[in-house]
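# Inside the fold
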Amino acid sequence: MGHRQHRYPRLRRRLLLLGGLQAGLLGLIGGKLYQLQSVETEKYKGLAEDNRLSTRPLMPTRGLIFDRTGRVLAANRSNFRLFMTAERPRTLAGSRLVEVVLDRLGQLVAIGERDRGRLMEQIRQARGLVPVEVRENLTWDEMARIEFNVPDLPGVSVGLGQTREYFSAELTSHIVGYVGRVSAEDLANGEVEAGLELPDMRIGKRGIEKSADKALRGKPGFIQVEVDAAGRVMRELHRAEGEPGANVLLTIDSELQRFVTERLADQSASAVVMDVITGDVLAMVSVPGFDSNAFARGITQPEWQRLLADPKKPLVNKAAQGVYPPGSTYKIVTALAALESGALTLSDRIFCGGSIDLPGRDQKKHCWIYPGGHGWLNVTEALQHSCDVFFYEATKRAGVGQIVQAATKLGFGKRTDVGLPEESPGLLPTPSWMLERTGQPWTIGNTYNLGIGQGDMLATPLQLAVMAARVANGGYAVKPRLTALTADARKPRGSRSAPEAPSLSFRAENLTAVRNGMDLVVNSPSGTAFAARIVEQGMAMAGKTGTSQVKRMTEGERDRRVSQEQLPWNLRHHALFCAYAPVDNPRYACAVVVEHGIGGSRTAAPVARDILVQVQRIDPSRHPGAAVSDLAKTMFDSTAGAPAIAGSRDHRSTDR
């Protein structure tokens, strides 16, 4: 009895302790409930609302691309797309379900192993229940089969999207470019913008599509939906459409582009046609081209391999991306440099005996017409006959610094910023560049090579056209441009003027001497391009031929008199020609490069002649925008004429 009484106080203490703990715990719970329900009501109400609501971006309509006459070059069309949304794809059960669904889909539509691997990776990386695009451009039959089997395909849906369509694709593929899916590299290399994570979003990958991508893309809208705990959409609450992308009007004339493409035929070649006053690029052709629609829809592996294996490199925009030694076309630069520096005067005559000695070496530099040589020549005659010996001497007198300075003024050694991300700057070698690259000092041999556009010197056909345009227009720094106007379709702008071009400060008499030499190249019976002259009244052109060495002939080949025609195609010289027309009142410049075409006068000059005749016949400068179609008229005001070049009243006059 006493023992049990002794235990009661201890039991009461335990009960009291337990009751106290329970009371304290209830107090804490009550306090927390009060904090959640009263003190922080608004905070958790907002969080709950965020869990219930989801805001997702809406892809805007991509802007259209037109040529200068209003022809549509890039537009949008509707297509059926197959999407898949997976729940818990990172779990074993979720991953297996995805594979089962893909197996079933594979029985209804074609899904390659490569695409399947890409889909599995995208599904695993998707944030939340974001749909992943399985296929696009479904046919009506494919769409019907999928819709019929949707009950057995959890997470699968068919939607209506937009795909890019390119008209005259192979004519303008290198200019317009193409769009493609947003890649991980795209997201890593730039700001993550709203809408880029959408499965049907496409961005510019090349050409104008890439350089004007942000304007063409527009601004995304948004849709607000109610979702359940798993993230499934229950209902739509609000929708705000975005702003459609701006439309882009190019300076390209589609018909001229087609003419140039057909004239170059099946060669590996390029040509650029440019307005010497406004800088409008009227045609920029690189052949062969490629079908940009293949990239927009998703190019297949066999198609891709065929393009890569083609020795004529259809994926390269040879007009702006291809680089070549400019050869004798560069003698225009050397002539101006020597005259401007005072190292050579207009009356100076230099004797060409067929070769010139390399100072300090028991070697000679030969003229292309040696052994007879050209005799005594002034600068105009030297251009007419393309005398190497004359320009070796002129280069030595002027010095490499003056040559580089004149070349820079005429647009070499840097990008023209025409609006193509792929454009190459070429290469304008200098003594400092040589020392940094090779560790060797600049030699007189390097100077001689630079003076005739050989050695390390590299230029694009676009740069050759810019040089011809700046010489033709009287020495003004006109810049080439592909985009005439970018405008919102709902808010058309009233002008598409180009900025005025500053003077390059070449003396008028020196430019006249160079232009006279270019005139004689084509229109004198002893000129190197006389056979390619324009005989139509008032359309005569002036130009300069060039041949770019690809393979240096060995002594044995020289002894055997191996001709260029006997060499394999890929070892023959490149053919170059740059020109402007009409001679009396220049308006258009043209540059042509035919890869492995052997000689400029033989292959490139006749092409340039036909192009300059055609552009003068259609003469776009007389009616800028006059042929704009009714469709384009609703979007652009094309009534503004070309701007005057600084220092000139008459837009077509070059007498300065």
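Our structure's up above, just so we're on the same page.
Let me sum up the structure you'll find in this document.

The next thing to look at is the overall build of the protein. The secondary structure content of the protein amounts to 23 helices and 20 strands. Taking all 656 residues of the protein together, 50% fall into the buried category. In the structure as shown, the protein presents an accessible area of about 31100 Å², 52% of it carried by carbon and sulfur atoms.

The five strands are arranged β12-β11-β20-β19-β18 in an open sheet whose pairing can be described as antiparallel. The open sheet has two edge strands, β12 (281–287) and β18 (542–548), and neither has a second partner. For this sheet the average axis-to-axis angle between neighbouring strands, irrespective of direction, equals 5°. For strand β11 (residues 269–275) and β12, the ladder comprises six bridges, and the chain directions are antiparallel. Residue Met274 lies in a different strand from β12, and its bridge partner there is Val281.

Moving on, we get to the side chain of Lys331. Here Lys331 lies in helix α13 (residues 331–341). Not counting residues within four places of it along the chain, the set of residues in contact with Lys331 comprises Leu383, Ser386, Cys387, Asp388, Phe391, Gly451, Ile452 and Lys544.

Residues Met284, Phe390 and Phe412 are the most contacted members of the largest nonpolar core, which totals 99 residues. Looking at which element gives the most residues to this core, the answer is helix α19 (residues 461–472), with nine residues. Excluding its chain neighbours within four sequence positions, the residues that come into contact with Met284 are Ile175, Ile252, Gln257, Ala271, Val272, Asn317, Ala319, Ala320, Leu420, Leu462 and Leu482. Within the second largest apolar cluster, 33 residues are counted, among which are Leu256, Val522, Ala581 and Val615.

Let us look at a nonpolar patch on the surface. Nonpolar side chains collect at one region of the surface, where Leu25, Leu26, Leu28, Ile29 and Leu33 lie side by side and expose about 530 Å² of accessible area between them. With respect to the helices and strands, the residue Ile29 is situated in helix α1 (residues 2–39). For Ile29, a relative accessible area of 44% gives the class partly exposed.

Note on aromatic pairs: each is described by the distance of the centres and the angle between the planes. For the structure on display, the rule yields eight aromatic pairs. Between Phe290 and Phe295, the aromatic rings sit 5.5 Å apart at their centres with planes inclined by 75°, giving edge-to-face as the arrangement. Each member of the pair, Phe290 as well as Phe295, is classed as buried. Ring-pair connections join several aromatic residues into one group, and the members of that group are Tyr178, Phe290, Phe295 and Trp304. When the ring centre of Phe506 is taken as reference, the NZ or CZ atom of Lys409 above it lies at 5.0 Å. Directly above the ring of Phe530 sits Arg533, whose terminal nitrogen or CZ lies 3.9 Å from the centroid.

This paragraph deals with the pattern of salt bridges. Taken as a whole, this structure holds 19 salt bridges when the rule is applied. With a shortest N-O distance of 3.5 Å, Asp280 and Arg68 are connected by a salt bridge. Taken together, the residues span a long stretch of sequence, with Asp280 in the loop between β11 and β12 and Arg68 in the loop between β2 (65–66) and β3 (72–84) at a distance of 212 residues. A relative accessible area of 7% places Arg68 in the buried class. Ionic contacts of the salt-bridge type, sharing partners, join the residues Arg62, Arg164, Glu209, Asp213 and Arg217 into one network.

Take helix α22 (residues 600–618) next. Taking 1.5 Å per residue, 19 residues should reach 27 Å; α22 reaches 26 Å between its end C-alpha atoms and fits that length. Remark: Asp619 follows α22 within two positions and exhibits a positive phi of approximately 40°.

Glancing now at the pairing of strand β10 (residues 247–250). The alternating pattern of β10 places Asn247 and Leu249 and Val248 and Leu250 on opposite faces, both of which are buried. Examined bridge by bridge, β2 and β10 share two bridges and lie parallel to one another. Each residue of the ladder has a partner; that of Ile65, found in β10, is Val248.

The next point concerns the packing of helix α6 (residues 169–176) against helix α10 (residues 254–264). Interhelical geometry of α6 versus α10 gives an angle of 105° and a closest axis separation of 10 Å. Classified by the interaxial angle, the pair formed by α6 and α10 is roughly perpendicular. Residues Leu171, Thr172 and Ile175 of α6 lie in contact with α10, whose contacting residues are Gln257, Arg258 and Thr261. Here the contact of α6 with α10 is built from residues that sort into two nonpolar, three polar and one charged.

Reading guide: rules and limits
Residues numbered from 1 in each chain as written. Predicted model: local features only at pLDDT ≥ 70, side-chain atom pairs only at ≥ 80, totals over all residues. Heavy atoms only, no water. Helix = DSSP H or I, 4+ residues; strand = E, 2+ residues; numbered from the N terminus. Buried < 20%, exposed > 50% of the residue type's maximum accessible area, 1.4 Å probe, protein only. Areas by Shrake-Rupley, 256 points an atom, 1.4 Å probe, with all protein chains shown as cover. Pairing = 2+ DSSP bridges. Axes fitted to C-alpha atoms, helices over the stretch in contact; angles between N-to-C directions. Contact = heavy atoms within 4.5 Å. Core = buried A, V, L, I, M, F, W, Y, C linked by side-chain atoms within 4.5 Å. Patch = residues over 30% accessible without salt bridge, like charges linked within 9 Å, V, L, I, M, F, W, Y side chains within 5 Å. Salt bridge = Lys/Arg side-chain N within 4 Å of Asp/Glu carboxyl O. Phe/Tyr/Trp six-rings, centres within 6.5 Å; stacked < 30°, edge-to-face > 60°. Lys NZ or Arg CZ within 6 Å of the ring centre and 35° of its normal. Expected span 1.5 Å × (residues − 1). Parallel < 35°, antiparallel > 145°, perpendicular 65-115°, else oblique. Nonpolar A, V, L, I, M, F, W, Y, C, P; charged D, E, K, R; others polar.

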